[in-house]
Amino acid sequence: MAIHLSGVFFNKSSISSPVFQHQRRPPLTVFAAASASASAAHPPSSPPTIQIVGGKSASWYGNGDMNSSNAVDCFKDGYDWADLENDLYHWTKTLRPVQWYPGHIAKTERELKEQLKLMDVVIEVRDGRIPMSTSHPQMDSWLGNRKRILVLNREDMISTADRNAWADYYGRQGIKVVFSNGKLGMGAMKLGRLAKSVAAEVNIKRRARGLLPRPVRAGIVGYPNVGKSSLINRLLKRRMCPAAPRPGVTRSLKWVRFGSDLELLDSPGIIPMRMSDQTAAIKLAICDDIGEKSYDVTDVAAVLVQMLSKLPAANNNVLWERYKIDTDGRCGKTFVHKLAIELFNGDEHQGAFRILSDFRKGRLGLRALERPVPSRLT
């Protein structure tokens, strides 16, 4: 059981690491930083029934016959996060693969590996909506035994239930968990204190050798657009690093000084050269953590519609409440097409972009797209 105390969750006991549906590497010792808000939507008096064709036989346009009994009610009893991951795997199999690897990332990786030799602690920032999908598969091998802090950013875009689920997931492993909001600066100062405390032994060893103490060197790494530069700017209380709500803004490594005892390295987003996990790639696209040119906006919006229709923790009326469009059994691209006709004279690209933009701005509710699988945590 995880206990919340001053923004940090502590666990009374530790258990072995649970298996996560799409976890690609063992969990790290995790820190982060914290606060929260959530909102609840009120369903319409006569909500439509959202239906969707099941995983392996999924069709972007349903069954053709919208009255077909083969359309499965997406909120059938027993549907959980493991089922969602399984369905998402089948939905993405027929789509154009999402691949994005700008030239500057290869250069960044080479430089970052050199700079790692100078770092006392590494702060890995992930998107709180998709913590597993924003975990670089090679990060463990790069960092080795170096001390690390894991920040789950954008906590203002997920629900209290999402935060509690991840706190419990890590808490069961005896891991301290904090969540940050780089946009508003919540948790930034605590992150600075954690970085100094984690690397405190550096100067203890220096003093033991008769050397003067020096500033702690902390590198901030992570996927594109997860909020690395925003966190640094909040720590420094001034705009020292370029930051914008799109991937690829930071294109070179930059050291900045935080007070007299902490130096921070801001780095460009790093991603695998080739993404073999397309379910993770689609979630990166949905959350705008990857370049837009790498994916088809309509396809990605269609996947988001189907996810929102089946998320175990979602309000099943969220699409109706936002767009007042009756899904009546339709899903995926059909819903995008209906929205495009209603709002954009049939322009499906604009319709798809509206859905993605609304999700990214929290207009479709505060929710993560990933959760620890409950059945695997017992």
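Provided above is the structure to which this section pertains.
The structure presented is a predicted model; accordingly, all values stated were derived computationally and were not measured.

Let us now look at unusual backbone geometry. Even without being glycine, R154 reaches a positive phi, approximately 65°. Of note, R154 is situated in the loop between β6 (147-153) and α4 (160-171). For R154, a relative accessible area of 15% corresponds to the buried category. Of note in the backbone geometry, K324 takes a positive phi value of approximately 55° without being a glycine.

Here we take up the environment of N225. Positionally, N225 belongs in the loop between β7 (216-222) and α7 (228-236). Once the C-alpha coordinates of N225 and C287 are considered, the two residues, 62 residues apart in sequence, prove to be 9.1 Å apart. A polar atom in the side chain of N225 sits 2.7 Å from the backbone oxygen of D288.

With that settled, consider the pattern of salt bridges. In total, this model carries 21 salt bridges according to the counting rule given. Close ionic contact of D87 with K310 constitutes a salt bridge, the shortest N to O distance being 2.5 Å. Taken together, the residues D87 in helix α1 (residues 81-93) and K310 in helix α9 (residues 297-310) connect sequence positions 223 residues apart. Classification of D87 as buried rests on a relative accessible area of 6%. Taking the relative accessible area as the measure of exposure, K310 reaches 4% and is therefore buried. Of the charged contacts in the structure, one is a salt bridge between E370 and K283, with a shortest N-O distance of 3.0 Å. Placement of E370 in the segment after α12 (348-360) and of K283 in helix α8 (residues 278-286) is noted, with a sequence separation of 87 residues between them.

All chains considered together, the criterion is met by two aromatic pairs. Where W166 meets Y169, the ring centres are 5.4 Å apart and the plane angle is 90°; that geometry is what we call edge-to-face. Placement of both W166 and Y169 in helix α4 is noted, with a separation of three residues, approximately one turn of the helix.

Of all five residues in strand β9 (residues 262-266), five are buried; the element is thus mostly enclosed. As paired elements, β7 and β9 share five bridges and run parallel to each other. Following the sheet pairing, G219 is matched in β9 by L265. Looking at chain direction, strand β8 (residues 254-258) and β9 are connected through five bridges and run antiparallel.

How each quantity is defined
Residues numbered from 1 in each chain as written. Predicted model: local features only at pLDDT ≥ 70, side-chain atom pairs only at ≥ 80, totals over all residues. Heavy atoms only, no water. Helix = DSSP H or I, 4+ residues; strand = E, 2+ residues; numbered from the N terminus. Buried < 20%, exposed > 50% of the residue type's maximum accessible area, 1.4 Å probe, protein only. Polar contact = N/O pair within 3.5 Å; in protein donor to acceptor, adjacent residues only side chain to side chain. Salt bridge = Lys/Arg side-chain N within 4 Å of Asp/Glu carboxyl O. Phe/Tyr/Trp six-rings, centres within 6.5 Å; stacked < 30°, edge-to-face > 60°. Pairing = 2+ DSSP bridges.

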